[in-house]
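Given next are the chains, with one letter for each unit.
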Amino acid sequence: MKNIANFAVLIRSIMTITLVVLLIITLAALIFLPFSKALMKDRQELESNPMEQKFNILISRINKLLMGGAGEVIKTSDPRQVNLFDENHANMIIRFYYSTGSLSIELKYKYYQVELVKKMQFDDMRHAESFRQTDVANHFAEEAHAAIIDHQAKVGSQMGMKNSVGDFIFSKSETESDDSDGIGMIRKMYDDFSHQQKVALVNLVRQVYSADNTETTFRNHPMLSNTLLSLQVNLSEADSAWASSGRQGIISALQKDEDGKLTIILTVIFPFLQGMTERRAEAFMEIMSACGYPEDEVNNEAEKMILMMQMFSPS
């Protein structure tokens, strides 16, 4: 009887281990299969539309801004990666890597043999149109420019140099005044907003959208990256402001004034109100009221905007 009892314990142990192994395999499959499908989609997509063609507008724009248009696209053995290199500025190379719908752009820049690495990732790039590509290129070039200037200053200071500005091509005005593709026009909409107010707009979206969604869902919203690019705000800035002042920071920054910025506020929030629930509507109206905008005024302005969009939208 003792042997039978021991055997039964052994069988139960084996079954437990088997169930644990099966659970691990199942979880791994749930994680890996969507990722592998996305990789297969990348491969099929890049076979017919290679990297240098798919992101031609973006790569050309970065080439113009950071290499004076002299850079050459260098293909690699990996179809998901191309590099941008100018032999006349051999201290700098830019790497573009595309995977599962996201594009990472990495700058490597050496100043007196001290290397700077600046890397940024842009999501939802599978169907990036010309506006999106140009805006991403401008955003990366501006961030890279600031990082390079800071790097030169730090290295120069360590070496005791009085003037640490190195051989680097960049014209900030290039990214500020380009109205040909609508980017300048979109950004000029926010000219009357301070940077603090732009950060508050991002956190307004966070507050309202998170009323019936998780923080992760907010961060993964397909329109968030476009909103950040248009406002020229880093999500890390919004995170810091949210952590330090939360809802009150939004209310303080977006208080109604004589100019009235309700139309622009609605323009920013509209994409995040699709499929709006009662909780999201209440959260929006509550914070607008706290900012000094009565509910009737918000509703009237929203109705005007909806009518305008219907007039100009294709039938």
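Residues numbered from 1 in each chain as written. Predicted model: local features only at pLDDT ≥ 70, side-chain atom pairs only at ≥ 80, totals over all residues. Heavy atoms only, no water.

### A few points about the sheet that holds strand 2 (residues 81-85)
Part 1 of the reasoning: Here we have five strands laid out as an open sheet, ordered 1-2-3-4-5, and antiparallel in their pairing. Both edges of this open sheet fall to strand 1 (72-75) and strand 5 (114-122), since each of them pairs with a single strand only. Strand-to-strand twist across the sheet, computed as the mean angle between neighbouring axes with direction ignored, equals 20°.
Part 2 of the reasoning: Relative to strand 5, strand 4 (residues 102-111) runs antiparallel, the two sharing nine bridges. Residue pairing across strands places Tyr111 opposite Val114, the latter belonging to strand 5.
Part 3 of the reasoning: Along the sheet, helix 3 (residues 56-67) makes contact with strand 1, strand 2, strand 3 (92-99) and strand 4, crossing strand 3 at roughly 160°.
Part 4 of the reasoning: Sheet strands touched by helix 4 (residues 130-158): strand 3, strand 4 and strand 5. Its angle to strand 5, the strand with the most contacts, is close to 155°. (Pairing = 2+ DSSP bridges. Helix = DSSP H or I, 4+ residues; strand = E, 2+ residues; numbered from the N terminus. Axes fitted to C-alpha atoms, helices over the stretch in contact; angles between N-to-C directions. Contact = heavy atoms within 4.5 Å.)

### Quick look at the packing of helix 7 (residues 195-209) against helix 11 (residues 262-269)
Part 1 of the reasoning: The interhelical angle for the contact between helix 7 and helix 11, taken along N-to-C directions, is 55°, at an axis separation of 10 Å. Between helix 7 and helix 11, the crossing angle belongs to the class labelled oblique. Considering how the two elements wind past one another, helix 7 and helix 11 form a crossing that is right-handed. Counted together, Leu201, Leu204, Val205 and Val208 of helix 7 and Ile265, Val268 and Ile269 of helix 11 form the full contact between these two elements.
Part 2 of the reasoning: The residue inventory of the contact of helix 7 with helix 11, partitioned by class, reads seven nonpolar, no polar and no charged. (Parallel < 35°, antiparallel > 145°, perpendicular 65-115°, else oblique. Left-handed = near helix turned anticlockwise from the far one by under 90°. Nonpolar A, V, L, I, M, F, W, Y, C, P; charged D, E, K, R; others polar.)

### Looking at helix 12 (residues 278-290)
Part 1 of the reasoning: The first and last C-alpha atoms of helix 12 sit 18 Å apart over 13 residues, in line with the 18 Å expected at 1.5 Å per residue.
Part 2 of the reasoning: Taken together, the buried positions of helix 12 are occupied by Arg280, Ala283, Phe284, Met285, Ile287 and Met288.
Part 3 of the reasoning: Directly beyond the C-terminal end of helix 12, a positive phi value near 100° is found at Gly292. (Expected span 1.5 Å × (residues − 1). Buried < 20%, exposed > 50% of the residue type's maximum accessible area, 1.4 Å probe, protein only.)

### Focus on the nonpolar core
Part 1 of the reasoning: Ranked by size, the top nonpolar core spans 39 residues in total, and within it Leu204, Leu266, Ile269 and Met288 carry the most contacts.
Part 2 of the reasoning: Counting residues per element, this core draws most heavily on helix 7, at eight residues.
Part 3 of the reasoning: Setting aside anything within four residues of it in sequence, one finds Ile269 in contact with Leu204, Val205, Val208 and Phe284.
Part 4 of the reasoning: Among the nonpolar cores identified, the runner-up in size contains 34 residues, and Val82, Tyr109, Phe140 and Val155 belong to it. (Core = buried A, V, L, I, M, F, W, Y, C linked by side-chain atoms within 4.5 Å.)

### Regarding the layout of surface pockets
Part 1 of the reasoning: A volume near 450 Å³ is recorded for the largest pocket.
Part 2 of the reasoning: Taken together, 17 residues line the largest pocket, and the ones lying closest to its centre are Gln121, Asp123, Ser225, Leu228 and Leu235.
Part 3 of the reasoning: Listing elements by their share of the lining of the largest pocket, those giving two or more residues are strand 5, helix 4 and helix 9 (224-231).
Part 4 of the reasoning: Sorting elements by how many residues they give to the lining of the largest pocket places helix 9 first, with four residues.
Part 5 of the reasoning: Its residues assigned to classes, the lining of the largest pocket comprises seven nonpolar, six polar and four charged. (1 Å grid on protein atoms, 1.4 Å probe; cavity = no way out; pocket = protein on both sides within 12 Å on 5 of 7 lines; lining within 4 Å. Points joined across faces, edges and corners; volume = space filled by probe spheres on them.)

### Re the environment of Ile62
Part 1 of the reasoning: Topologically, Ile62 is positioned in helix 3.
Part 2 of the reasoning: Spatially, the C-alpha atoms of Ile62 and Glu142 are 9.9 Å apart, while their sequence positions differ by 80 residues.

### Points about the packing of aromatic side chains
Part 1 of the reasoning: Applying the stated criterion across every chain, the model contains three aromatic pairs.
Part 2 of the reasoning: Seen from their ring centres, Tyr111 and Tyr112 are 4.9 Å apart, and the 80° between their planes marks the pair as edge-to-face.
Part 3 of the reasoning: Residue class for Tyr111 comes out buried when judged on its relative accessible area of 6%.
Part 4 of the reasoning: Sitting over the ring of Phe193, Lys261 keeps its end group 5.7 Å from the ring centre. (Phe/Tyr/Trp six-rings, centres within 6.5 Å; stacked < 30°, edge-to-face > 60°. Lys NZ or Arg CZ within 6 Å of the ring centre and 35° of its normal.)

### Some details on the environment of Glu278
Part 1 of the reasoning: Within the fold, Glu278 resides in helix 12.
Part 2 of the reasoning: Here Glu278 falls in the exposed class, since its relative accessible area comes to 60%.

### Let's talk about the packing of helix 3 against helix 4
Part 1 of the reasoning: The N-to-C vectors of helix 3 and helix 4 enclose an angle of 30°; their axes lie 8 Å apart at closest approach. Classed by the angle they form, the pair helix 3 and helix 4 counts as roughly parallel. Both helix 3 and helix 4 take part in a crossing whose hand is right-handed. Between helix 3 and helix 4, the residues in contact are Asn56, Ile57, Leu58, Arg61, Ile62, Leu65 and Leu66 and Ser130, Gln133, Thr134, Val136, Ala137, Asn138, Phe140, Ala141 and Ala144, respectively.
Part 2 of the reasoning: Considering only residue class, the contact of helix 3 with helix 4 consists of ten nonpolar, five polar and one charged.

Worth remembering: the numbers are spatial, not functional.
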